[in-house]
Amino acid sequence: MDSRRRLASRSPVDGLDRRSVAPVDVLAQSVGAVAPAAAAVTSPLLVAGVAGRAAVASFAVALVLALLVASCVAQFARRVAATGSLYTYVANALGARAAVVAGVGLLAAYGAIAAASFLGAGSFAALLAGRLGVAAPRLVGVVVVAAVAVAVCVALLRGIRRSTRLALVVEAVSVALIATLVVLLLVRSGGAAVARAIPPGDDLEGVVPGAVLALTAFAGFESATTLGAEARRPFAAVPRAVRWSAAVAGTLFLLAVTGQVAGFEVLGSTLATSSAPVDDLTAGFAVPWLAPVLDVGVVASFLACAVASTTALTRVLFSMAREGLAPTALGRVDPVRRSPARAVVLAVPVLAVPALVVLAASDEPWHAFETMLVVAGAGCLVAYTLACAGVWPFLRRVGEVTVVPVAVSCLATVLLGAALVAFLTTETAHAHDVGVLVFGGVMVAGVVASRVRLRRLPAVRARLGVHDEPTAADVLPGTAKVLDETGTGAGTAAASAPVPLSGRGRSR
Amino acid sequence: MSRPIFARPEVMAQLAGEPGRSSTVDDAELRGRQPRAVRSALAVLECVARLGAGTTAQQIAADLGLARATTYRLVQLLVEDEYLVRLADLRGFALGRRMEAFTTPAESVPRVPRAARAVLDELRGAVRAGVHLVLPGATGPRLLDEDADLPLADHDLALLAAAAAPPPAGALLAPDAPGHAAAGVFVVPMLDESGETVCWLCVTAATPRLDPAGDYVARARAAATALAPLLA
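Rules used in this analysis
- Within any chain, residue numbers begin from 1 and follow the written order of that chain's sequence.
- Working convention: letters from A go to chains and numbers from 1 go to ligands, in the order in which they are written.
- At least 70 in pLDDT is required for a residue's local features to be given in this predicted model, at least 80 for side-chain atom pairs to be given and counted, and no such filter applies to totals for whole chains, interfaces and linings, which use all residues.
- Excluded from the side-chain calculation are hydrogens and water; included are all heavy atoms of the structure.
- Definition of nonpolar core: a set of buried residues of the types Ala, Val, Leu, Ile, Met, Phe, Trp, Tyr and Cys, connected through side-chain atoms within 4.5 Å.
- Burial classification: accessible surface area is computed with a 1.4 Å probe over protein chains only, and a residue below 20% of its type maximum counts as buried, one above 50% as exposed, and the rest as partly exposed.
- Contact criterion: two residues are considered in contact whenever any of their non-hydrogen atoms come within 4.5 Å of each other.
- Any Phe, Tyr or Trp ring, taking Trp's six-membered ring, that has another such ring centre within 6.5 Å forms a pair; planes under 30 degrees apart are called stacked, those over 60 apart edge-to-face, and the others tilted.
- The numbering of helices and of strands both runs from the N terminus, where a helix is a DSSP run of H or I of at least 4 residues and a strand a run of E of at least 2.
- pLDDT expresses, on a scale from 0 to 100, how confident the predictor is about each individual residue.
- By convention in these notes, a salt bridge is any Lys or Arg side-chain nitrogen within 4 Å of a carboxyl oxygen on Asp or Glu.

**Brief notes about the nonpolar core**
Phase 1 of the analysis: Of all hydrophobic cores here, the largest spans 165 residues; its most connected members are A:F118, A:F218, A:F221 and A:F253.
Phase 2 of the analysis: Setting aside its immediate chain neighbours within four residues, A:F218 contacts A:V34, A:A62, A:L63, A:A66, A:A246, A:A249, A:G250, A:F253 and A:Y384.
Phase 3 of the analysis: Among the nonpolar cores identified, the runner-up in size contains 24 residues, and B:V127, B:L133, B:A223 and B:L227 belong to it.

Okay, here's the thing in structure tokens:
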């Protein structure tokens, strides 16, 4: 069939720095968005709050769930070089309606993760300033949020290679600091306390809500899928990054929660009843100097998270803009740096302002922080569920159905759907109903706005799900026909410029 | 005289860009089903070449009589390594640009005509720098004519390989690899009448640093103008 053999003269997501990001930086995007160091400090306490002694078991179950999702996401990532992550995948699998829901969920999630990381960086900086005896710690927090926002803006505008490398270095430092604490806790607690920390004991029924909450700590591990166009050898690098980041983050979470539970066991207390576990543990184990060092690590982790989640958010917006679903200005790319400059300049202030307001107005930023995490968790769960549900239709569409991926995706869809319902119920019951309401409001507003736009512009519906496509530069010369700018067939691949695959796409 | 870069394995590794770990054969001997997998992978490539661009994985499986799951996995691996390309409809496949190395072996580097060699010799006599003709290609640049007195250093080749896309005319490739901070390669692309890059004229420093004020810029541009019609 001739139409299938034709190649576009340029990719629909042309303009980004195509095929430029090294595999390790693709991994950094996913790991950075999870912010494992920051999450390892903040989320064991939250999980222990609902799961009690089942906290370790909850994280183990959550890791299995995350690996199931990673396996489903990999089915897409091996076949589609997307810039819109799960949104693009769902559009190619389940069509426009489901895609809009997944897209709004994903935007809500990345937006909330970014907002939470701005707030987290400011809060932990304020905490650190308080420890060091600075007179106005909240002012320090506000200044740090502003500084992080500027850093994110500059990094993202300077291009994808700079920003992913920044996330990689910063996250590596923070993970090393957290790992130090965890190893210290595990060693000082001793084998007996660690062995007692692992079984759930009487709190077996806490595993379900605990695992769901723990799963939201993984939110962002799929975000390497926004680099489909920009990654070098994306069909190998992106699925690997998604699986590895789930494994890396999950391992760190498991060690951290085990260390914290065991540490409290040795101190004769419990994790769930502590209000500041890191402070209690470092004081209890007579290493108070470690607390401020860890604060620095957590601030660094939130910085990496802000960079990575804003990167992911702007890529999803970029994809929507290229399709016409979002304003086309958001799809415009800086011709030199090849970053989606408009989307960055618009998104960063919007995401940083809530953190500034909360820090300036209140001494208790944690309620707002948890609200943001609820939105992030729910948004991710919506997108994960739809992506897992889309595996089978997608494989049928590309004509590559096999038993194992379909079976895995069916299992994952059921588990994640249940997890989403359980999450929203648990959070409503645990007085985070503000987060659930905000999430519901964002979803309804986003979906309605998108549906209205799709109805007004029917042509956009057919364009949903654009992804990086091979051009004449990618195939063996002479093997496929090339479409010229007007869409009529013209010449063969050999007639176009011999830009090798690793070359950069031309700007729009 | 032209010396094929393929004669220098360590440079080849650099020029391959990032040598895919999955594409290098392990030293361990091939065991079990591995020989069959290698044969099947090559058969898949041959099948796509025979059936043409747009061939689907199902067609490949049917044509070769392979199990579907095996075929999808092989196709997947070949796409990851970019020997195959999945087309925009997500069903069909075409041979990737990486296969170009198989169809245009090193020996097929075209011979430089005598008139062009004369222009090169004149330039080599006039500037205190290495003068080379380099062929840009999907698998990395290939040497068409190397300056025998001042051969290309490995780090210069790495710079050229890094400049995957044809550099803008008269570009002074800024070395960003640490350790070669003082290096530099001056590149003038030569275009044919359709604007396609035929070849690069590269000037490399004889001293550790390429003097930015040197007269090689004007001379190299003039030589490139003279060479373009001889090589196109």
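**A few points about the packing of aromatic side chains**
Two measures describe an aromatic ring pair: the distance that separates the ring centres and the angle between the ring planes.
Residue and element names in this part refer to chain A.
Phase 1 of the analysis: Applying the stated criterion across every chain yields a total of ten aromatic pairs over all chains.
Phase 2 of the analysis: Measuring from centroid to centroid gives 5.2 Å for F218 and F253, while their planes differ by 80°, and the two rings are edge-to-face. One end of the pair, F218, is in the loop between α9 (207-216) and α10 (234-267); the other, F253, is in helix α10, and 35 residues separate them in sequence. A single burial state applies to F218 and to F253, both of which are buried.
Phase 3 of the analysis: Seen in terms of ring centroids, F302 and F369 are 5.8 Å apart; in terms of plane orientation they differ by 90°. Their pairing is edge-to-face.

**Details of the environment of A:V466**
Residues and elements named next belong to chain A.
Phase 1 of the analysis: Of note, V466 is situated in the loop between α17 (458-463) and β1 (481-483).
Phase 2 of the analysis: Exposure remark for V466: the relative accessible area of 8% places this residue in the buried category.
Phase 3 of the analysis: When the C-alpha atoms of V466 and V143 are compared, they prove to be 39 Å apart, with 323 residues separating the residues in sequence.
Phase 4 of the analysis: Look past the residues within four positions of V466 in its chain and what remains in contact with it is P12, V13, T88, S319, R322 and E323.

**Some remarks on the confidence of the model for chain A**
Phase 1 of the analysis: In this model, chain A carries a mean pLDDT of 88, and residues with pLDDT of at least 70 account for 93%.
Phase 2 of the analysis: Ignoring residues within four places in sequence, the model shows residues 483-508 of chain A, a span with pLDDT below 50, making 70 contacts including any to other chains.

**Description of the pattern of salt bridges**
Phase 1 of the analysis: Inspection of every chain in the model, using the stated rule, returns 19 salt bridges over all chains.
Phase 2 of the analysis: Residues B:R124 and B:D121 are paired through a salt bridge, measuring 3.8 Å at the closest nitrogen-oxygen approach. Of this pair, B:R124 and B:D121 both sit in helix α6 (residues 114-126), three residues apart, which is roughly one turn of that helix.
Phase 3 of the analysis: You can call B:D121 partly exposed: its relative accessible area is 47%.
Phase 4 of the analysis: For B:D145, the salt bridge goes to B:R124, with nearest N and O atoms at 2.8 Å. With B:D145 in strand β5 (residues 142-145) and B:R124 in helix α6, the pair connects residues that are 21 residues apart, well separated along the chain. Per residue, the accessibility class of B:D145 equals that of B:R124, and both read buried.
Phase 5 of the analysis: Overlapping salt bridges, with partners in common, bring together A:R18, A:R19, A:D468, A:D474 and B:E82 in one network.

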